[in-house]
Amino acid sequence: MPRRNWAGNVRYSARRFHRPTSVDQLRRLVAAAERVRVVGTGHSFNRLGDTDGDLVSLAGLPSEITIDRDRRQVTVAAALRYGDVATRLHAEGYALANLASLPHISVAGAIATGTHGSGEANGNLGTSVAALELVTADGDLLRVDRDIDGDTFAGMVVGLGALGVVTRVTLDLLPTFEVRQYVQLDLPREHVDAALGSAYSVSLFTDWRTPRFNQVWRKQRADEAAPSPDWLGTTAADAPQHPVPGMPAQNCTPQLGVPGPWHERLPHFQLGFTPSSGDELQSEYHLPRAAAAQALAALDPIAHLIAPVLQICELRTVAADRLWLSPNHDRDSLAVHFTWVDDPAVVLPVVAAVEERLAPFQPRPHWGKVFAIDPAEVAAAYPRYADFAALLAHLDPRGVFRTELLDRYFPR
């Protein structure tokens with residue numbers, strides 16, 4: 001089991017490491033533990049998944065992928081990567097509504113932290129969840145279902161790993177579909193809103209060195225018309241691109257309008273290649289979608305601080321949902337994502353400056369990224385914060401799944 005997260009900026013402090021091979025073995029382990037956390041693919045950039053007790057990988061559990069064609073749902077082992085699940089689903093004629101930019105992340109870990117793709121009509125990955133199976137703090141096996149458990153279920157999907165060890169996830173399915181991906185270059189700032197709403201999934205990339213956006217990645221249904229070469233004042237890319245300057249485009253999913261299955265176009269990066277740049281830190285803030293222009297203007301005065309420590313900044317949209325700790329709870333969102341250089345000493349002061357400038361928009365940070373917003377401000381940004389805190393106390397009264405970060409944002 002890895003002793004560091006994927007980025008290498010977190011060294012796990014657990015005293016013991018485990019890789020159970022059955023759910024029963026996992027249940028005994030949890031019931032006997034004083035503190036326990038699960039590590040998936042390690043793509044969190046903070047200490048949300050760290051513990052001074054027992055760290056557990058679920059990669060040794062059976063790799064279940066069971067499709068229910070009547071209900072049009074799939075039940076999968078929580079530790080499986082989205083890319084592996086998607087490949088199997090496409091082969092069976094199915095799709096998920098959306099994917100994150102990295103197909104390398106585990107299903108349970110991505111859902112638990114509110115991870116998302118893009119698209120004004122697309123919710124985050126947790127909105128496709130129909131049921132969860134988890135091992136609770138006393139070692140019991142609990143199943144919660146969207147149709148049966150209603151509001152409580154909405155509190156458990158984006159659960160931060162704090163409510164139990166998720167072992168299986170049931171997801172809604174769509175019929176498989178094809179996507180074309182086009183990259184346009186040099187988007188004027190005044191066309192941001194039009195660009196973000198222009199396709200099934202859209203990402204805008206900027207290095208904050210000019211007011212324009214370096215690239216626009218448009219992922220559209222294959223049967224829709226291609227953008228004109230000068231779409232919204234841009235230029236069509238005539239060769240494949242990577243969003244991070246200097247990185248090889250071969251790491252990215254196919255572009256230039258070549259049609260392909262959903263799971264080979266909706267992510268930015270191919271499953272078999274290094275995603276993003278590899279040597280990096282990440283932060284992300286979810287803001288009201290309607291405030292896009294004002295939020296960008298608020299960051300303009302510190303562009304000179306952002307640019308020197310930035311690899312790339314990405315803007316995406318996410319539809320509102322009802323999940324209690326989702327950054328998109330009851331709010332159509334603009335997600336402003338920063339891929340920083342791998343140097344906390346120079347990055348953290350800039351993160352603080354970004355958070356100060358975005359404070360008027362009540363930003364909700366991505367739970368798995370680098371952030372330092374005051375806990376009271378985070379609590380105020382979530383209407384169901386107190387309900388989640390009560391659910392956390394009910395399901396884990398001994399604090400088995402507690403971490404230093406959870407204690408900071410959900411004090412006992």
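What counts, and where the lines are drawn
Residues numbered from 1 in each chain as written. Predicted model: local features only at pLDDT ≥ 70, side-chain atom pairs only at ≥ 80, totals over all residues. Heavy atoms only, no water. Helix = DSSP H or I, 4+ residues; strand = E, 2+ residues; numbered from the N terminus. Rg over C-alpha atoms; globule rule 2.2 N^0.38 Å. Buried < 20%, exposed > 50% of the residue type's maximum accessible area, 1.4 Å probe, protein only. Areas by Shrake-Rupley, 256 points an atom, 1.4 Å probe, with all protein chains shown as cover. Lys, Arg positive; Asp, Glu negative; His and termini not counted. Charge placed at Lys NZ, Arg CZ, Asp CG, Glu CD. Salt bridge = Lys/Arg side-chain N within 4 Å of Asp/Glu carboxyl O. Axes fitted to C-alpha atoms, helices over the stretch in contact; angles between N-to-C directions. Parallel < 35°, antiparallel > 145°, perpendicular 65-115°, else oblique. Contact = heavy atoms within 4.5 Å. Nonpolar A, V, L, I, M, F, W, Y, C, P; charged D, E, K, R; others polar. Pairing = 2+ DSSP bridges. 1 Å grid on protein atoms, 1.4 Å probe; cavity = no way out; pocket = protein on both sides within 12 Å on 5 of 7 lines; lining within 4 Å. Points joined across faces, edges and corners; volume = space filled by probe spheres on them. Phe/Tyr/Trp six-rings, centres within 6.5 Å; stacked < 30°, edge-to-face > 60°. Lys NZ or Arg CZ within 6 Å of the ring centre and 35° of its normal.

Notes on the overall build of the protein chain
Regarding its fold elements, the protein chain presents eleven helices and 19 strands. Its C-alpha atoms give the protein chain a radius of gyration of 20 Å, within 12% of the compact-globule value 22 Å for 412 residues. Along the first, second and third principal axes, the C-alpha atoms of the protein chain reach 60 × 50 × 35 Å. The proportion of buried residues among the 412 residues of the protein chain is 58%. Counting only carbon and sulfur atoms, one obtains 51% of the accessible surface of the protein chain, whose full area is about 15,800 Å². Positive and negative charge centroids in the protein chain, built from 39 and 47 side chains respectively, lie 4 Å apart.

Section: the pattern of salt bridges
Evaluation of the coordinates by the stated rule reveals 22 salt bridges. Two residues, glutamate 133 and arginine 168, come together in a salt bridge whose shortest N-O distance is 3.4 Å. Of the two residues, glutamate 133 sits in strand 7 (residues 129-135) while arginine 168 sits in strand 9 (residues 165-172), which places them 35 residues apart along the sequence. Overall, arginine 168 belongs to the partly exposed group, its relative accessible area being 30%. For aspartate 407, the salt bridge is made with arginine 402, and the minimal N-O distance between the two is 3.1 Å. With relative accessibility at 5%, the residue arginine 402 sits in the buried group.

Some remarks on the packing of helix 4 (residues 146-156) against helix 10 (residues 385-395)
Any two packed helices are characterised by how steeply their axes cross, that is the angle between the axes, and by the distance between the axes. Two elements in contact, helix 4 and helix 10, have axes whose closest approach is 10 Å; the angle formed by their N-to-C orientations is 90°. Overall, the two elements helix 4 and helix 10 adopt an arrangement that is roughly perpendicular. Of helix 10, the residues touching helix 4 (which contributes Thr152, Gly155 and Met156) are Phe388, Leu391 and Leu395. Tallied by class, the residues present in the contact of helix 4 with helix 10 amount to four nonpolar, two polar and no charged.

A look at the sheet that holds strand 3 (residues 54-56)
Ordered in space as 1-3-2, the three strands form an open sheet in which the pairing is parallel. If you trace the sheet from one side to the other, it starts and ends with strand 1 (16-18) and strand 2 (36-38), each paired once. Averaged over neighbouring strand pairs, the angle between their axes works out to 25° when direction is ignored.

Some details on empty space enclosed by the protein
Where empty space is left can be seen by rolling a probe of water-molecule size over the atoms. Inspection of the entire model under this criterion finds three cavities of 30 Å³ or more. Lining of the second largest cavity is provided by 13 residues; of these, Gly117, Ser118, Ser201, Leu266 and His268 occupy positions nearest its centre. Along the lines of polarity and charge, the residues of the lining of the second largest cavity split into three nonpolar, seven polar and three charged.

A closer look at the environment of glycine 368
With respect to the helices, strands and loops of the structure, glycine 368 is situated in the loop between strand 19 (364-365) and helix 9 (375-381). Put simply, glycine 368 and glycine 114 are 254 residues apart on the chain and 8.4 Å apart in space, counted from C-alpha to C-alpha. Setting aside residues up to four positions removed in sequence, glycine 368 forms contacts with His43, Ser44, Phe45, Asn46 and Thr113.

Focus: the packing of aromatic side chains
Counted by the stated rule, this structure contains nine aromatic pairs. In textbook terms, an aromatic cluster arises when at least three aromatic residues are bridged by ring pairs, as seen for Trp367, Phe371, Tyr382, Tyr385, Phe388, Tyr409 and Phe410. Sitting above the plane of the tryptophan 231 ring, arginine 218 keeps its charged end 4.8 Å from the centroid. The ring of tyrosine 382 is capped by arginine 364, whose NZ or CZ atom sits 5.1 Å from the centre of that ring.

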